[in-house]
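Residue strings, one per chain:
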Amino acid sequence: MRDGTAIRIRDLHKDFGDVQAVRGIDLDVYEGEIFSLLGPNGAGKPTTINMLSCLLEPTQGEAWVMGHSIRTDSMAVKEAIGVVPQETALYPDLSARENLTFWGKMYGLRGAALRQRVDQVLETIGLTERQKGRVDKFSGGMKRRLNIGIGLLPRPQVLFLDEPTVGIDPQSRRNILDQVKEFNRQGMTILYTTHYMEEAQELSDHIAIMDYGKLIACGTHEELVKIVGELDRIELTINAKSERVLAGWQATQGVHEVSAEDSKITLLVDDSNVVLPRLFEAAVGAGVRITAVEVQEPNLEAVFLHLTDRALRD
Amino acid sequence: MSVQIRKALDIALKDLIRSVRNRFGLLMMFLVPIILTGIPLLAFPSLRGGGGGGFDMPVTQVIVANLDPPSAQLGGSSAGAMLLQFLQDDSLASLLQVAVAADEASAREAVEERSADVAVVIPADFTAAVLEPERSAASLEARRSANVTLVRDPTLTLGPGIVKGLVSQFVDGFAGAKIAANVVAKQLGQSGATADAEILQSVVAKYVAWGTEQGESRSQGSHPALRTAPPPSKEQTANRGGQMAGAVMIGMMIFFSFFTGATTAGTIVSEDERGTLARLFTTPTAHTAILAGKLAGVFATVLVQVVVLTVLTSAIFGVHWGQPATVALAILGLVIAASSFGILLISLIETTQQLGPVMGGLLTVTGMLGGLFTTGFGGLPSFYETINLLTPQGWAARCWKLSLSGATVRDVAPTAIVLLGMGIVFFAIGAYHFRRRYV
């Protein structure tokens, strides 16, 4: 069952009444890689994580973590994983050290081994100096770090990180991303969920894009970008109706596709640096003024847009 | 000890630590019950004992001039001597200090010089006057001329008033002897016989002897129909305050321990909302161990509260809660009932927003039905006590009242068993709901 696969998911479904939160996903996450689940809110990412961490029972399908079935061998799965939930699941009236000590006990650590591991984790997350401080006095970034630290306590083979950078400042975010890379360098397999395209792009060996409970694309960053080809995407806003420039722009050299909505026109072009001056020239000829320009080079946002006709941030 | 049991105990310990770190929780667990119990004692300072606001009656200085000579009718004694002896009795020592004057003038002089508060002058024919049957106008006249005279300091009222009352009480005692003599004289007259002075004096003497004997018996506390009790000592007064504090504290302790039970059980819901409960479920800890740990935390927290309140009220208010075994039973019954009732209530709610109505409404209403706010009052109608027993709070109050009143283990055990039974039922229903939700 293993074959170097840390997580194997087959036809996994989860329904909540009439709502189908996860609708039949198949996935393989290999040992030692960072795998990102990318998708907007409501895509089904946390539900998938919750099933993999044995918090929710699948409606249909099966998954294995380090070869252990989430349906029949949940205790072995829990011994293999560390979970970092999206919300900072901490006890605010306990200190950082007390929180880590308690959670360490829940992972089966005791005595000197527990104390040593707590010291190591405090060092890793940079909270050694504040270990005796009550958590409710911590900043958002410190709480996030402690939240991650708890997931590291059992030295997990697989670490689930559910949107760990939501709602924190850029510096803390940078710190967390660097730490995730470091955990991976130490040999940890990481399943990372996010709706930030840049994070998935920076961290991941493989990325799966989810939408409405379905896996709509999966591969490396390069493989996904190829879905939309090598074309740049240009979005132009004009001060008149699109019909006045549409024909001229369609005929412009280097333009492959044009779509319009009111005064907003989207074009797929070979090289935006070369094509943009030609578009401006055609607009002047038609007596139209361009009021806004947005250029997107091929990226995951463009892939999502291409696959769903919606922006990832929507 | 198995790994899962150790984890359950770790969860319980964590909850206990969190409870005692919560300032509001501490306030409601310990400070508020103590303050609410202390308020009645502040309102009635005499209950605190130790002379704090108590009334101390000054001793009245009495000087007695007994001019009544010994009489053969009273076996060589006299009514005057008996009155003097009555006033000098030990039982009156806290009220009167009695000295004897040689004559009436000396007694009056002592009052004028304020070395005495009251002078009691017993006339020379006092015995004859009180013992003479009222057979003739002469005897009536003799009685009037043989009045005891009280000379008092005009600035005093209370002490002389007490002396006057005591002397009147004594003189009234001789009225019985007179009545006995008159009844004998009448009955002899109706049967055609004549009651001579010797017979009547004999009747009076026998009555007086009987009366004296009864009086002595009474002073020794052996009268078959009457039990005399000495006034309460300061120590007893202090204990009375303690027992009143205990009665009030029963209500407060039970109300707030049920509050703590529900609050601590409420952490299951708040942990669910905070995400820590879900996180616990992702650790290699059995769901039943997690649930057992949470419920054990409720019992541990309530146990600490009740034990601390019991000890604190003994130390602060001098409450004697009863025999150690009955107190232990009462503590056990209360802890089980309060914890399991809290677990039951919280198992029925979904969010922490519903905690408020449960705390403020349900616990207050059941507390009132259980009579928790009237535990300091006595003489309540029996139907009220019956209503009290519709709630676990009422049974817990009954258990503690029994212990406080000095009942034995045998007396307290049935009530404690009822509490235990209620606790098992509440716990079973609550645990069933939680298991369905989380396990």
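Since the structure is predicted, the reported quantities are computational estimates derived from the model, not experimental observations. Counting restarts for each chain: residues are numbered from 1 in the order of the written sequence. Lettering of chains starts at A and numbering of ligands starts at 1, both following the order in which they are written. Residue-level local features of this predicted model are given only where pLDDT is at least 70; pairs of side-chain atoms are given and counted only at 80 or more, and the full residue set underlies all totals for whole chains, interfaces and linings.

## Some details on the overall build of chain A
Note the threshold: Each helix is a run of DSSP H or I of at least 4 residues and each strand a run of E of at least 2, with the numbering of both proceeding from the N terminus. Any two residues are considered in contact once their C-beta atoms, placed from the backbone, lie within 7 Å.
Each helix and strand in chain A was counted, giving eleven helices and 14 strands. Sequence separation of at least 24 residues holds for 67% of the intrachain contacts in chain A that already meet a minimum separation of 6.

## Section: the sheet that holds strand β10 (residues 214-219) of chain A
Residue and element names in this part refer to chain A. Spelled out, the test is: At least two DSSP bridges between two strands are required for those strands to pair. Every angle, taken between N-to-C directions, lies between 0 and 180 degrees, and every axis is a line fitted to C-alpha atoms, over only the stretch in contact when it is a helix.
Across the sheet, six strands lie side by side as β6-β7-β8-β3-β9-β10; this open sheet has mixed pairing. Pairing within the sheet leaves two strands with one partner each, and these edge strands are β6 (81-84) and β10. Averaged over all pairs of adjacent strands, the angle between strand axes in this sheet comes to 15°, irrespective of strand direction. As paired elements, strand β3 (residues 34-38) and strand β8 (residues 189-194) share five bridges and run parallel to each other. Paired with Leu37 across the bridge in β8 is Thr193. Against the sheet, helix α1 (residues 45-52) touches β3, β7 (158-162), β8 and β9 (206-211), its axis set at about 150° to β7.

## So, the sheet that holds strand β4 (residues 149-152) of chain B
Residue and element names in this part refer to chain B. Spatially, the four strands line up as an open sheet ordered β2-β1-β3-β4, and their pairing is mixed. Strands at the two margins of the open sheet, each flanked by one partner only, are β2 (96-101) and β4. Each neighbouring strand pair of the sheet contributes to a mean axis angle of 25°, computed without reference to strand direction. In this sheet, β4 lies alongside strand β3 (residues 118-122) in antiparallel orientation, the contact comprising four bridges. Paired with Val120 across the strands is Leu150, a residue of β4. Packed on one face of the sheet, helix α3 (residues 79-87) meets β1 (60-66), β2 and β3 and runs near 165° to β1.

## Considerations on unusual backbone geometry
Both trends apply: most residues other than glycine have a negative phi, and most peptide bonds are in trans. Residues and elements named next belong to chain A. Convention followed: Three classes are used. A residue is buried when 20 or more other C-beta atoms lie within 10 Å of its own, exposed when 12 or fewer do, and partly exposed in between, with C-beta atoms placed from the backbone.
Positive phi, close to 50°, is recorded for Met66, a residue that is not glycine. With respect to the element layout, Met66 can be found in the loop between β4 (60-65) and β5 (68-69). By the C-beta count within 10 Å, which is 20 here, Met66 ends up buried. Positive phi, normally seen in glycine, also occurs at Arg155, with a value near 50°.

## A short note on the pairing of β3(A)
Residue and element names in this part refer to chain A. Buried residues dominate β3, accounting for five of its five residues. Both β3 and β9 contribute to a ladder of four bridges, which runs parallel. When the bridges of β9 are listed, Leu37 appears paired with Ala208.

## A closer look at α3(B)
Definition in use: An arc is given here, and it is the one of the directions from the helix axis to the C-beta atoms.
For α3(B), the set of buried residues is B:Ala79, B:Gly80, B:Met82 and B:Leu83. Axial view of α3(B): buried residues confined to an arc of 160°, hence all on one face.

## Examining the interface of chain A and chain B
Our working rule: Each residue receives one of three labels: charged for Asp, Glu, Lys and Arg, nonpolar for Ala, Val, Leu, Ile, Met, Phe, Trp, Tyr, Cys and Pro, and polar for the others, Gly being one of them.
With 18 residues of chain A at the interface, the matching set in chain B holds 18 residues. Counting only elements with at least two residues in the side of chain A that touches chain B, the list comes to α2 (74-80) and α3 (96-106) of chain A. Broken down by class, the residue content of the side of chain A that touches chain B amounts to eleven nonpolar, two polar and five charged.

## Some points on the nonpolar core
Heads up, the condition is: A set of buried Ala, Val, Leu, Ile, Met, Phe, Trp, Tyr and Cys residues, joined through C-beta atoms within 7 Å, is what we mean by a nonpolar core.
If you look at the biggest cluster of nonpolar residues, it comprises 153 residues, and the most contacted ones within it are A:Val65, A:Phe160 and A:Ile190. With 16 residues, helix α9 (residues 234-274) of chain B is the largest single contributor of residues to this core. For A:Ile190, the contacting residues outside a window of four places in its chain are A:Ile34, A:Phe35, A:Leu159, A:Leu161, A:Val180, A:Phe183 and A:Asn184. Listed in part, the 27 residues of the second largest apolar core include B:Ile63, B:Val118, B:Ala119 and B:Ala177.

## A closer look at the environment of B:Ala315
Take B:Ala315: it is sitting in helix α11 (residues 287-317). Sequence separation of B:Ala315 and B:Gly242 is 73 residues, and the distance between their C-alpha atoms is 9.9 Å.

## Some words on the confidence of the model for chain B
Residue and element names in this part refer to chain B. Which entries qualify depends on this criterion: Per-residue confidence from the predictor is reported as pLDDT, which spans 0 to 100.
Per-residue confidence for chain B averages 82 on the pLDDT scale, and 83% of its residues sit at or above 70. A low-confidence stretch, residues 49-54 (pLDDT under 50), is modelled with twelve contacts involving residues beyond four sequence positions or located in other chains. In the predicted structure, residues 218-229 sits below a pLDDT of 50 and forms nine contacts with residues beyond four places in sequence or in another chain. As scored by the predictor, the complex reaches a pTM of 0.68 and an ipTM of 0.83.

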